[in-house]
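These are the residues of each chain, in order.
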Amino acid sequence: MKILHVLFDDYPYISDWGYQENKLAYYQSSNHDVYIVTANYVPKILEEFVDGKALQSYEEYKSKDHNMIKIYRLKCLFGNFTIAKKIKFYKGLYKKIDEIKPDIIFIHDLHALSLFSVTKYIKKNKNVICNADIHVNDVNSCNSILAKILHKFYYRLIIQINIKYINNLFYLNNNSKSFLKKMYGIDEKKCKLLLLPLGGEVTTENEILEYQKKFRKINDISKDSIIFVHSGKFTKNKKTIELLKSFLDIRDTRFYLYLIGQPCKEIEKDFFNLVAKDERIIYIGWKSNSELMKYLKVCDIYLQPGSPSVTAHEAMCNKCAVLLSSNGEFYKSFVPNDSAYYIHDNMELKKFFKEISKNNIDIEMYKNNSYELAKNIFDYKMQSELIIK
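Starting afresh in each chain, residues are numbered from 1 along the sequence in its written order. The predicted nature of this model means local features are confined to residues of pLDDT at least 70 and side-chain atom pairs, given and counted, to a pLDDT of 80 or more, with totals for whole chains, interfaces and linings taken over all residues. Neither water nor hydrogens contribute to the side-chain values; these are computed over all heavy atoms in the structure.

J.: Requested: an account of the overall build of the chain, with residues and values cited.
T.: For the purposes of this entry, the term helix denotes a DSSP run of H or I that reaches at least four residues, the term strand denotes a run of E that reaches at least two, and both are numbered from the N terminus. On a plain count of helices and strands, the chain comes out with 15 helices and 14 strands. Here the C-alpha coordinates of the chain stretch approximately 65 × 40 × 40 Å along the principal axes. Using a 1.4 Å probe on the protein chains alone, a residue whose accessible area is under 20% of its type maximum counts as buried, one over 50% counts as exposed, and one in between counts as partly exposed. The proportion of buried residues among the 389 residues of the chain is 53%. Residue pairs at least 24 apart in sequence account for 71% of intrachain contacts in the chain once pairs closer than 6 positions are excluded. Roughly 19000 Å² of accessible area belongs to the chain as shown, and the carbon and sulfur atoms make up 51% of that amount. With 59 positive and 46 negative side-chain charges, the chain shows a separation of 6 Å between the mean positions of the two kinds. Residues are treated as being in contact if the distance between any of their heavy atoms lies within 4.5 Å. Per-residue accessibility takes into account occlusion by the displayed protein chains alone, with areas from the Shrake-Rupley method and a 1.4 Å probe. Neither His nor the chain termini are counted; the positive set is Lys and Arg, and the negative set is Asp and Glu. Where a charge sits is defined by one atom per residue type, namely NZ (Lys), CZ (Arg), CG (Asp) or CD (Glu).

Written out as structure tokens, the structure is:
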């Protein structure tokens, strides 16, 4: 079966990255012929991280990534200017879809004028299944006057005209679902809305246990010790400073806190001052996603007291207990209270460490429940099958 992923999101498909579209296409490629159609530009923020020579070229070309997924990068109307990324019109998209002749089309993001090219093909080939996902929300999607105008008028019109050709529309969380119903007027009676959170790759329990044994032996960490992990770009919103202060208040020698990431300049001084105060705090620095996964395998409790991150989902895929913020209701719509320990403020964060030290929190229960949840909703292998039904 031929599966085509059409990417209209802000970041064109980059081979070897660990984004959702990469993982979904990867797992599908073991049983199907998988194709990617994406833009040929790279946002400036990514230029320093990727070899962008081919991506920045305005010549359409064809290549294959490591998983034998066929990738087509199309020129955009208005080239690499900012307006091109708002309008999102891919030159030759209909012709390329007709050339591939897919059985299933999955659209990543609906905010594109080129959505008409996809639905034009669907209208002429009624046997083709078309599903899509959308990651918009109140927090990140309308944070400027221009963004509000684009969503309320331009994208709304495009989506309302074309939504009838989409079988299933997958949303990120309840906030995302509410946004698309309110902003675009999507009627659930006309289009089926289904949850598809950002996910991760589920590690087997045997692999986790083996890795934990080796890690604790090499680092001389006893079986009864508790390993905490906090990761990412450490900012004020991440609540990293508050986390460090709360951790330092509890002088439990069984506690180890691994910090994988990098502090922003705003908190850099306070961050390193706090880290230097306690040898139980181990600052690892910035690591690749694959290196981070090694630490999640040995982690007992992953700490996410501030802004949400997909790493919390990946932690659950590695059977970690997780601490999450209840603010903003980001996680609450799909992570129940028995699968994560929720905190609301700094007082509750301090209380959490105290209760852990007193053995009043059932860490194993949270580990088991988070792992079962991960297998049911986060597992990319499972998601890759769900989105083509």
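J.: Mind laying out the sheet that holds strand β10 (residues 255-263), listing which residues take part and the relevant values?
T.: Two strands qualify as a pair provided DSSP detects at least 2 bridges between them. Read from one edge of the open sheet, 6 strands run β11-β10-β9-β12-β13-β14, paired in parallel fashion. Strands with a single pairing partner mark the edges of an open sheet, and in this sheet they are β11 (281-285) and β14 (341-343). Here the average twist between neighbouring strands, direction ignored, is 20°. Both β10 and β11 contribute to a ladder of 4 bridges, which runs parallel. Looking at the pairing, Ile260 lines up with Gly285 of β11. Simply put, an axis is a line fit to the C-alpha atoms, just over the touching stretch for a helix, and the angle between two N-to-C directions goes from 0 to 180 degrees. Its contacts with the sheet place helix α14 (residues 363-378) against β9 (226-234), β12 (301-304), β13 (321-325) and β14, and it is angled at close to 85° to β13.

J.: Any chance you could break down the state of the cysteines for me, citing the residues and the numbers?
T.: Note on disulfides: each one is a pair of cysteine sulfur atoms within 2.5 Å. With the rule as written, the count across this model stands at 0 disulfides. Not engaged in a disulfide, the cysteine Cys320 finds its nearest cysteine sulfur in Cys299; these two sulfurs lie 3.9 Å apart. Here Cys320 falls in the buried class, since its relative accessible area comes to 0%.

J.: Mind laying out the pattern of salt bridges, listing which residues take part and the relevant values?
T.: Note that side chains of opposite charge can pair when their charged atoms are close. Basic side-chain nitrogens of Lys or Arg form a salt bridge, by our definition, when they fall within 4 Å of a carboxyl oxygen of Asp or Glu. Summed over all chains, the structure comprises 17 salt bridges. If you follow the salt bridges from partner to partner, you end up with Arg216, Asp300, Glu364 and Lys367 in one network.

J.: Describe the layout of surface pockets, with residues and values.
T.: Estimated volume of the second largest pocket: approximately 500 Å³. Going through the elements one at a time, α8 (205-218) and α14 are the ones with two or more residues in the lining of the second largest pocket. For the lining of the second largest pocket, the element with the most residues is α8, which contributes 7 residues. All amino acids are sorted into three groups, where Ala, Val, Leu, Ile, Met, Phe, Trp, Tyr, Cys and Pro are nonpolar, Asp, Glu, Lys and Arg are charged, and the leftover types, Gly among them, are polar. Its residues assigned to classes, the lining of the second largest pocket comprises 5 nonpolar, 4 polar and 12 charged. The way it works is a 1 Å grid over only the protein atoms, where trapped points that fit a 1.4 Å probe form a cavity and open points with protein on both sides within 12 Å along at least five of seven lines form a pocket, and then any residue with an atom within 4 Å of a point lines it. Grid points are joined across faces, edges and corners, and a volume is the space filled by probe spheres set on the points.

J.: If you had to explain the packing of helix α4 (residues 93-100) against helix α5 (residues 115-124) to someone new, which residues and values would you point to?
T.: Axis separation between α4 and α5 bottoms out at 8 Å; the angle between their running directions is 40°. Considering the angle they form, α4 stands oblique to α5. Seen along the crossing, α4 lies across α5 with a hand that is right-handed. In this structure, α4 uses Leu93, Tyr94, Ile97 and Asp98 to contact α5, whose residues at the interface are Ser117, Val118, Lys120, Tyr121 and Lys124. By definition in this entry, angles of less than 35 degrees are roughly parallel, angles greater than 145 are roughly antiparallel, angles of 65 to 115 are roughly perpendicular, and the rest are oblique. In this scheme, a crossing is called left-handed if the near helix is turned counterclockwise away from the far one by less than a right angle; it is called right-handed if the turn is clockwise.

J.: Can you tell me about the nonpolar core, naming the residues and giving the values?
T.: The set of buried Ala, Val, Leu, Ile, Met, Phe, Trp, Tyr and Cys residues whose side-chain atoms join them within 4.5 Å is what this entry labels a nonpolar core. Formed by 43 residues in total, the largest nonpolar core has its most connected members in Ile105, Leu110, Leu169 and Tyr184. Leu244, Phe255, Ile267 and Tyr366 belong to the second largest nonpolar core, which has 31 residues in total.

J.: Tell me about α14, and please be specific about residues and values.
T.: Looking only at α14, the buried set comprises Ile363, Tyr366, Lys367, Ser370, Tyr371, Leu373, Ala374, Ile377 and Phe378. One face of α14 carries all of its buried residues, which in axial projection span an arc of 165°. One side-chain oxygen of the residue at the start of α14 lies 3.4 Å from the amide nitrogen of Glu364, identifying that residue as Asp362. This arc is built from the directions going out from the helix axis to the C-beta atoms. Identification of polar contacts relies on pairs of N or O atoms within 3.5 Å, with a donor-acceptor requirement for protein atoms, meaning one able to donate a hydrogen and the other able to accept it, and with residues adjacent in sequence counted only if both atoms are side-chain atoms.

J.: Please provide a residue-by-residue account of the packing of aromatic side chains, values included.
T.: What describes a pair of aromatic rings is the distance from one ring centre to the other and the angle between the planes of the rings. Planes of paired rings set the category: under 30 degrees apart is stacked, over 60 is edge-to-face and the rest tilted, where pairs are Phe, Tyr or Trp rings (Trp by its six-membered ring) whose centres lie within 6.5 Å. Summed over the entire model, instances satisfying the criterion amount to 26 aromatic pairs. A ring pair is formed by Phe228 and Phe247, whose centres lie 6.1 Å apart and whose planes are at 80°; its orientation type is edge-to-face. Note that Phe228 is positioned in strand β9 and Phe247 in helix α9 (residues 240-249), a separation of 19 residues in sequence. The same class applies to Phe228 and to Phe247, which are both buried. Relative to Phe334, the ring of Phe330 has its centre 6.3 Å away and its plane inclined at 75°; by these criteria the two rings are edge-to-face. On the basis of relative accessible area, Phe330 is assigned to the partly exposed category, the value being 22%. Accessibility expressed as a relative area gives 7% for Phe334, which makes it buried. Only when the NZ atom of a Lys or the CZ atom of an Arg is both within 6 Å of the ring centre and within 35 degrees of the ring normal do we say a charge sits over the ring. The aromatic ring of Tyr94 is capped on one face by Lys120, whose charged end is 4.4 Å from the ring centroid.

J.: Which residues make up unusual backbone geometry, and what values go with them?
T.: Notably, Asp109 is not glycine yet its phi reads approximately 85°, a positive angle. With respect to the helices, strands and loops of the structure, Asp109 is situated in the loop between β5 (104-108) and α5. A positive phi angle is found at Lys319, which is not glycine, with a value near 60°. One can find Lys319 in the loop between α12 (311-317) and β13.

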